[in-house]
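Survey of secondary and tertiary structure
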Amino acid sequence: MKTQIYATFGPSCKDLNTLKKMIENGLCGMRLNLSHLSLPDAREYIDNYKQAASQVGGDTQILIDMQGPELRVGNIGDTLMEKGKIYRDIPLPAQVYDAIEEGDEVCFDDSKILCRITADKGFSVIREGILKSHKSVKIIGKEIKLPCLTEHDVKNIELAKEYGVTAIMQPFVRSSGDIRYVRTVLQEKGAESLKIYAKTESRSSLADLDGIIAESDGIIIARGDLGNDMPLWELPAVQKQIEEACKRHSKPYVVVTQMLASMESSPVPTRAEVSDIFHAVYHGASGVMITGESAIGRYPVEAVEYLAKTAGSAERYKEASDGRK
């Protein structure tokens, strides 16, 4: 099966010509991050994508990434959090402030920023960076229980068929029961035809990994938040564990996060990035996905081209290797 190439909607790839070039270079589907938008907000993106696909003969898979039980920063603008400084009154969900205690470590934006909590619940910066609105927040070593779907998610599910959505990406799946609940909501809202891709983003998902895979239509190996939940050097082994479980169940899986991160600002990827893509496909990934590279990066067309061509190289090598056995 040909590897599915996915990119993410954003300002860098919203115009018709850019989307046409991305499709011509191998794009199979688009992800829409609904943590920041609703489907009506994204009508221009979706209409342009459908028009581009009709003009160049491409696919029109649309995957919506739900809010789900993910904690995010509120409206903050772009705030430089400097190392050694203490910040207070960061706009965060009340559940975060209820849960944090002195000494806890909290990371933002897939661990780009790391803080330690002070006695008065201030955020003392250990690893500095620019904090932006709606970025992820994680209390390391703690899990806050939140509903599977938000009211915002349910409203988007109700509109999904109208907008041509083909699948949902359910974040922070904790158990097979989460997937059964989401499927029930899809049925209630007349959206039962949508596929459900479970995002494995925490250690808790590993406890019921076989059950989650069995209930889902596919798995998203979301290495961003998954990497926040463990030392990074353990992440490759956990990725491999998830891959092997998907193969046992004959379920497709998509590898995502920092596949071509350097291409947000560079027209050429690193050798490590293309090697990562190659090995993901060679070892069985049904799809690979870029996020910020296409949403806000300077080279969305080139990123899709490298993603597709590297995946194709892995497919050819695997075919030749299987033929030699």
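What comes next is a walk through the structure. Just so we're clear, the structure is a prediction, and the values are computed from it rather than from any experiment.

1. Points about the pairing of strand E2 (residues 29-33)
- In terms of burial, E2 is largely enclosed, as 5 of its 5 residues are buried.
- Pairing analysis gives 3 bridges linking strand E1 (residues 4-8) to E2, with the strands arranged parallel. Bridge pairing in E2 places Ala-7 opposite Met-30.
- Regarding topology, helix H1 (residues 16-24) serves as the crossover connection from E1 to the parallel E2, and that connection is right-handed.
- Looking at chain direction, E2 and strand E3 (residues 61-65) are connected through 5 bridges and run parallel. Bridge assignment links Arg-31 to a residue of E3, and that residue is Leu-63.
- Of the crossover connections in this fold, the one passing from E2 over helix H2 (residues 43-56) to the parallel E3 is right-handed.

2. Some details on the pairing of strand E8 (residues 123-127)
- Sheet analysis places strand E5 (residues 86-87) next to E8, joined by 2 bridges and oriented antiparallel. Paired with Ile-86 across the strands is Ser-124, a residue of E8.
- Direction of pairing for strand E7 (residues 113-117) relative to E8: antiparallel, over a ladder of 4 bridges. Bridge pairing in E8 places Ile-117 opposite Phe-123.
- Between E7 and E8, which pair antiparallel in sequence order, lie 5 residues; one of them, Lys-121, sits at a positive phi of approximately 65 degrees.

3. A short note on the nonpolar core
- The biggest cluster of nonpolar side chains holds 71 residues, and the ones touching the most others in it are Met-22, Met-30, Leu-32, Ile-219 and Ile-242.
- Considering each element in turn, this core owes the most residues, 7 residues, to helix H12 (residues 300-324).
- Aside from chain neighbours lying at most four places away, what touches Met-22 is Ala-7, Cys-13, Leu-27, Met-30, Ser-294, Pro-300, Val-301 and Val-304.
- One finds Phe-108, Ile-113, Cys-115 and Ile-144 within the second-largest nonpolar core, a separate group that totals 20 residues.

4. Examining the packing of aromatic side chains
- The tally for this structure, following the rule as stated, stands at 7 aromatic pairs.
- Residues Phe-108 and Phe-123 carry aromatic rings whose centres are separated by 6.0 Å and whose planes lie at 50 degrees to one another, so their mutual orientation is tilted. In this pair, Phe-108 is assigned in strand E6 (residues 105-108) and Phe-123 in strand E8, connecting sequence segments 15 residues apart.
- Taking relative accessible area as the criterion, Phe-123 reaches 0% and is therefore assigned buried.
- Put simply, the rings of Phe-9, Tyr-45 and Tyr-49 touch in pairs and so form one group of aromatic residues.
- Just above the ring of Tyr-282 sits the side chain of Lys-318; from NZ or CZ to the centre is 5.4 Å.

5. Section: unusual backbone geometry
- The phi dihedral of Ser-111 is positive, around 75 degrees, even though this residue is not glycine.
- Phi is positive for Phe-172, close to 50 degrees, though the residue is something other than glycine.

6. Focus on helix H9 (residues 235-248)
- Given a rise of 1.5 Å per residue, 14 residues ought to cover 20 Å, and the 20 Å separating the end C-alpha atoms of H9 matches this to within 8%.
- Residues Leu-235, Val-238, Gln-239, Ile-242, Glu-243, Ala-245 and Cys-246 constitute the buried set of H9. Looking straight down H9, one finds that the buried residues subtend no more than 165 degrees of arc, so they occupy a single side. Exposed residues pointing more than 90 degrees away from the buried face of H9 are listed as Pro-236, Ala-237 and Arg-248.
- Buried residues in H9 make contact with strand E12 (195-200), helix H6 (203-207), helix H7 (209-215), strand E13 (218-222), helix H8 (223-228) and strand E14 (253-256).
- Residue Ser-250 follows H9 closely and has a positive phi angle near 55 degrees.

7. Comments concerning the sheet that holds E7
- Taken in spatial order, the 5 strands line up as E5-E8-E7-E6-E10 in an open sheet, and their pairing is antiparallel. Both outer strands of the open sheet, E5 and strand E10 (137-139), are each paired with one neighbouring strand and no more.

8. Quick notes on the side chain of Ser-294
- By secondary structure assignment, the location of Ser-294 is in helix H11 (residues 292-295).
- Setting aside residues no more than four positions away along its own chain, Ser-294 makes contact with Ala-7, Thr-8, Ser-12, Cys-13, Met-22 and Pro-300.

9. Quick word on the pattern of salt bridges
- One pass over the full model with this rule turns up 23 salt bridges.
- A salt bridge links Arg-43 to Glu-162; the shortest N-O distance between them is 3.5 Å. Taken as a pair, Arg-43 in helix H2 and Glu-162 in the loop between helix H4 (151-159) and strand E11 (167-170) lie far apart in primary sequence, 119 residues in all.
- Assessed through its relative accessible area of 37%, Arg-43 is described here as partly exposed.
- Assessed through its relative accessible area of 53%, Glu-162 is described here as exposed.
- A salt bridge links Lys-247 to Glu-244, with the shortest nitrogen-to-oxygen separation between them at 3.6 Å. On the criterion of helical spacing, the pair formed by Lys-247 and Glu-244 is a turn pair, its members being 3 residues apart in helix H9.
- Among the residues examined, Lys-247 registers a relative accessible area of 37% and is labelled partly exposed.
- Taken together, the shared-partner salt bridges connect Arg-31, Asp-65, Lys-199 and Glu-201 into one network.

Definitions and limits used
Residues numbered from 1 in each chain as written. Predicted model: local features only at pLDDT ≥ 70, side-chain atom pairs only at ≥ 80, totals over all residues. Heavy atoms only, no water. Buried < 20%, exposed > 50% of the residue type's maximum accessible area, 1.4 Å probe, protein only. Helix = DSSP H or I, 4+ residues; strand = E, 2+ residues; numbered from the N terminus. Pairing = 2+ DSSP bridges. Right-handed = clockwise from strand over helix to strand, strands pointing away. Core = buried A, V, L, I, M, F, W, Y, C linked by side-chain atoms within 4.5 Å. Contact = heavy atoms within 4.5 Å. Phe/Tyr/Trp six-rings, centres within 6.5 Å; stacked < 30°, edge-to-face > 60°. Lys NZ or Arg CZ within 6 Å of the ring centre and 35° of its normal. Expected span 1.5 Å × (residues − 1). Arc of directions from axis to C-beta. Salt bridge = Lys/Arg side-chain N within 4 Å of Asp/Glu carboxyl O.

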